[in-house]
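Residue-level listing of the chains:
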Amino acid sequence: MDLLSKTVDSLWQVVAVGLLLGAGLPAIFALGLRALDSGSTTDPATATTTRKPAAVIAAGACFAVVVVAIITGILFVMQGFLSHTFGIEIF
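All values derive from a computational prediction rather than experimental measurement.

Engineer: Looking at this model, I keep getting lost on the overall build of the protein. Mind explaining?
Structural biologist: Scanning the protein from terminus to terminus reveals 3 helices and 2 strands. For the protein, the succession of helices and strands along the chain, N to C, is α-β-β-α-α. Taken over the C-alpha trace, the protein has a radius of gyration of 20 Å; the compact-globule value for 91 residues is 12 Å, which it surpasses by more than 25%. Taken along its principal axes, the extent of the C-alpha atoms in the protein is 70 × 40 × 15 Å. Counting all 91 residues of the protein, 11% fall into the buried class.

Engineer: Teacher, can you tell me more about the pairing of strand S1 (residues 40–43) here?
Structural biologist: Side chains on a regular strand alternate between the two faces of the sheet. Of the pairings in the sheet, the one linking S1 to strand S2 (residues 48–51) comprises 4 bridges and is antiparallel in character. In the strand pairing of S2, Thr42 is matched with Thr49. Between S1 and S2, which pair antiparallel in sequence order, lie 4 residues; one of them, Ala47, sits at a positive phi of approximately 60°.

Engineer: Hey, could you run me through a nonpolar patch on the surface in this one?
Structural biologist: A contiguous nonpolar patch, built from Ile70, Ile74, Phe76, Val77, Met78, Phe81, Phe86, Ile88, Ile90 and Phe91 and spanning about 1000 Å² of accessible area, is present on the exposed surface. At the level of elements, helix H2 (53–77) and helix H3 (79–86) are the ones that each hand at least two residues to the nonpolar patch. Sorting elements by how many residues they give to the nonpolar patch places H2 first, with 4 residues. Relative to the assigned elements, Phe76 resides in helix H2. Overall, the relative accessible area of 51% leaves Phe76 in the exposed class.

Cut-offs applied
Residues numbered from 1 in each chain as written. Predicted model: local features only at pLDDT ≥ 70, side-chain atom pairs only at ≥ 80, totals over all residues. Heavy atoms only, no water. Helix = DSSP H or I, 4+ residues; strand = E, 2+ residues; numbered from the N terminus. Rg over C-alpha atoms; globule rule 2.2 N^0.38 Å. Buried < 20%, exposed > 50% of the residue type's maximum accessible area, 1.4 Å probe, protein only. Pairing = 2+ DSSP bridges. Patch = residues over 30% accessible without salt bridge, like charges linked within 9 Å, V, L, I, M, F, W, Y side chains within 5 Å. Areas by Shrake-Rupley, 256 points an atom, 1.4 Å probe, with all protein chains shown as cover. Salt bridge = Lys/Arg side-chain N within 4 Å of Asp/Glu carboxyl O.

Nothing here speaks to function; it is all geometry.
Quick look at the structure:
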């Protein structure tokens, strides 16, 4: 019974991280794209697009979260290499 409880405990952690990174990051990226589109107005005479500053800030925050998550993932995968080669301990 102890093996089953440990397996279920590990399984829900894997599922939670998979949902967060597998579906969460693309959803945040999509929200950033949506924010860029929602605050834009196009002037047909000059063919220029104007965006609301709040929409640009929201999109930038969404994109920053995605970039930080990607960089953290790369560093997490490379932690052994960085530690062995350069002596850098990140995590």
